Amino acid sequence: MGIFSRKNNDPEPARNEEMVELGRDYAIAKRHRDTKAMNRIMRQVGNDKDMTDLSDFRAGQESYDSIPPIPRGRNNRRR
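Report follows, based on the coordinates. Computed from a prediction, not measured in an experiment: that's the story for all the values here. (Residues numbered from 1 in each chain as written. Predicted model: local features only at pLDDT ≥ 70, side-chain atom pairs only at ≥ 80, totals over all residues. Heavy atoms only, no water.)

1. Considering the pattern of salt bridges
Reasoning step 1: Tallied over the entire structure, the rule returns 2 salt bridges.
Reasoning step 2: Two residues, arginine 24 and glutamate 21, come together in a salt bridge whose shortest N-O distance is 2.9 Å. Note that arginine 24 and glutamate 21 are positioned in helix 1 (residues 17–31) at a spacing of 3 residues, about one turn of the helix.
Reasoning step 3: A relative accessible area of 28% places arginine 24 in the partly exposed class.
Reasoning step 4: Note that arginine 58 is salt-bridged to glutamate 62, the shortest N-O span being 3.7 Å. (Salt bridge = Lys/Arg side-chain N within 4 Å of Asp/Glu carboxyl O. Helix = DSSP H or I, 4+ residues; strand = E, 2+ residues; numbered from the N terminus. Buried < 20%, exposed > 50% of the residue type's maximum accessible area, 1.4 Å probe, protein only.)

2. As for the side chain of aspartate 53
Reasoning step 1: When you line up the elements, aspartate 53 lands in helix 3 (residues 51–65).
Reasoning step 2: Polar contacts involving the side chain of aspartate 53 include one to the side chain of asparagine 16, which spans 3.2 Å.
Reasoning step 3: Excluding its chain neighbours within four sequence positions, the residues that come into contact with aspartate 53 are Asn16 and Met19. (Polar contact = N/O pair within 3.5 Å; in protein donor to acceptor, adjacent residues only side chain to side chain. Contact = heavy atoms within 4.5 Å.)

Written out as structure tokens, the structure is:
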């Protein structure tokens, strides 16, 4: 194997796609200040989940938070 080999022998950890999607939805609701949706998602997640599910939830949040928000232009027509 050379220096620039792209082969990876480490298997990817199993991800709970449902938790990743819930994390992404939570991040979207948080960005839009939708507390009703945030509370609903947190009730779905619950406190009794194991650490792998919570890490998948966090990964979903970070995947959306890594996208910068679109800056809003000023409304110059208001007078």
